[in-house]
Amino acid sequence: MKINIFDSKKELYDAVALYVIDKVKSNPEIHLGLATGSTPVPLYERLIIDHKVNHTSYKKVKSFNLDEYIGLPRTHEQSYYTFMNNNLFKHIDITETYIPNGEASDILAEAKSYKELLEREGVDLQILGIGSNGHIGFNEPNTPFDSHVHIVDLAESTIKDNARFFEGNLDLVPKKAITMGIKDIIAAKEIVLIATGKAKSKAINEVVNGKVDTFVPATILQKHPNVHLYLDKDAASKL
Ligand code: F6R
């Protein structure tokens, strides 16, 4: 595990953006695994600026998102479909993007076909955030490490964490999601996990120094041969 700690968020995001842009330039057909939430937004802002200024092209890039809420229309501002369009896709020249469909009438069939898509295509570089409870994707504590794309009930702590995107109202936060499983996530050739802020410091300490245990799903990353952590001082404060 390579651990990069930065004094400021700006330095962190400048560095991680450079890293990702280099990967796209050296492999214009790269398959990117993408995350939502607040963590990747400053990365996406930098990718957009670089695309506009330096013309890094995403024409042949394919992207695969980690997860999507169930029970939220795609058109809802907080659906990950709309989030990705607003925060990245519509600003760059990417054409082939995949996000699990949380509106599918047969959600189990959707999970199966997203798993098969991931197996067929493979992810080269997976971008991850981390929940304050150590979740990756929406794999909440006690998710088996051999899980594939599946339907989850969001943990109480995740519903609370995400209420900030829903007018602070717990009732408005969807309670279910469809997510890549842990096995799908760690199948990526390379993983970049970004964490900022004190609220993530406990989970990050577990990821680096804790026992590999399903209770903190992200501890599985210790077993992956090619993981890069990008942390600000606060997220690294318990290391
Ligand atoms: C999002 C995702 C989640 C988030 C995590 C952190 O696609 O899979 O695991 O990365 O909940 O969220 P933020 O970045 O909002 O703190």
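Just so you know, these numbers come straight off a predicted model, no measurement behind them.

Chemist: Is there a simple way to explain the sheet that holds strand 4 (residues 67-70) in this structure?
Modeler: Taken together, 3 strands build an open sheet; the order of strands is 4-8-7 and the sheet is antiparallel. Single-partner strands in this sheet number two, and they are strand 4 and strand 7 (150-153). Here the average twist between neighbouring strands, direction ignored, is 30°. Pairing analysis gives 4 bridges linking strand 4 to strand 8 (residues 176-179), with the strands arranged antiparallel. Looking across to strand 8, one finds that Glu68 is bridged to Ile178.

Chemist: Explain the environment of Phe215 to me, please; I cannot follow it from the model alone.
Modeler: Position of Phe215 relative to the elements: it lies in the loop between helix 7 (201-209) and strand 10 (227-232). Take Phe215: its relative accessible area is 52%, and that puts it in the exposed class. Along the chain, Phe215 and Lys112 lie 103 residues apart, while their C-alpha atoms are 25 Å from each other. Discounting chain neighbours no more than four positions away, the residues touching Phe215 are Asn133, Pro141 and Asn142.

Chemist: Explanation requested: helix 2 (residues 41-54) in the structure shown.
Modeler: Every α-helix winds through 3.6 residues per turn, so residues three or four apart in the chain are directed the same way. With 14 residues, helix 2 ought to run about 20 Å at 1.5 Å a step, and its terminal C-alpha atoms sit 19 Å apart, in line with that. Taken together, the buried positions of helix 2 are Val41, Pro42, Leu43, Tyr44, Leu47, Ile48, Asp50 and His51. Elements in contact with the buried residues of helix 2: helix 1 (9-26), strand 2 (31-34), helix 3 (80-87), strand 6 (125-128) and strand 9 (190-195). Following helix 2 by one or two positions, His55 adopts a phi angle in the positive range, close to 65°.

Chemist: Could you clarify how one ought to interpret the pattern of salt bridges in this entry?
Modeler: Opposite charge on two side chains makes pairing possible when the charged atoms of those side chains draw close. Under the criterion given, the structure shown has 11 salt bridges. Residues Asp213 and Lys211 are paired through a salt bridge, measuring 3.2 Å at the closest nitrogen-oxygen approach. Since its relative accessible area comes to 27%, Asp213 is described here as partly exposed. For Lys211, a relative accessible area of 62% translates into the label exposed. Through salt bridges with shared partners, one network takes in Lys10, Asp14 and Arg46.

Chemist: Please explain the packing of aromatic side chains as it appears in this structure.
Modeler: Here a ring pair, both rings aromatic, is described through the centre-centre distance and the interplanar angle of the planes. The tally for this structure, following the rule as stated, stands at 8 aromatic pairs. Judged by centre distance (4.7 Å) and plane angle (40°), the ring pair of Tyr69 and Tyr80 falls under tilted. Of this pair, Tyr69 sits in strand 4 while Tyr80 sits in helix 3, placing them 11 residues apart in sequence. With respect to burial, Tyr69 and Tyr80 carry one shared label: buried. Judged by centre distance (6.1 Å) and plane angle (20°), the ring pair of Tyr80 and Phe138 falls under stacked. Taken as a pair, Tyr80 in helix 3 and Phe138 in the loop between strand 6 and strand 7 lie far apart in primary sequence, 58 residues in all. Just as Tyr80 is buried, Phe138 falls in that class too. In this structure an aromatic cluster arises from ring pairing among Tyr69, Tyr80, Phe83, Phe138 and Phe166.

Chemist: Could you clarify how one ought to interpret the layout of surface pockets in this entry?
Modeler: Over the atoms, a rolled probe matching the size of one water molecule traces out where space is still vacant. What the largest pocket holds in volume is close to 520 Å³. In terms of lining, the largest pocket is formed by 28 residues, of which the most central are Gly37, Thr39, Ile130, Arg164 and Lys200.

Chemist: Any chance you could explain the environment of Val212 here in plain terms?
Modeler: Within the secondary structure, Val212 is located in the loop between helix 7 and strand 10. For Val212, a relative accessible area of 26% puts it in the partly exposed group. Sequence separation of Val212 and Ile185 is 27 residues, and the distance between their C-alpha atoms is 16 Å. Beyond its immediate chain neighbours, meaning those up to four positions away, Val212 contacts Phe145, Thr219, Ile220, Gln222 and Lys223.

Rules of the game
Residues numbered from 1 in each chain as written. Predicted model: local features only at pLDDT ≥ 70, side-chain atom pairs only at ≥ 80, totals over all residues. Heavy atoms only, no water. Pairing = 2+ DSSP bridges. Helix = DSSP H or I, 4+ residues; strand = E, 2+ residues; numbered from the N terminus. Axes fitted to C-alpha atoms, helices over the stretch in contact; angles between N-to-C directions. Buried < 20%, exposed > 50% of the residue type's maximum accessible area, 1.4 Å probe, protein only. Contact = heavy atoms within 4.5 Å. Expected span 1.5 Å × (residues − 1). Salt bridge = Lys/Arg side-chain N within 4 Å of Asp/Glu carboxyl O. Phe/Tyr/Trp six-rings, centres within 6.5 Å; stacked < 30°, edge-to-face > 60°. 1 Å grid on protein atoms, 1.4 Å probe; cavity = no way out; pocket = protein on both sides within 12 Å on 5 of 7 lines; lining within 4 Å. Points joined across faces, edges and corners; volume = space filled by probe spheres on them.

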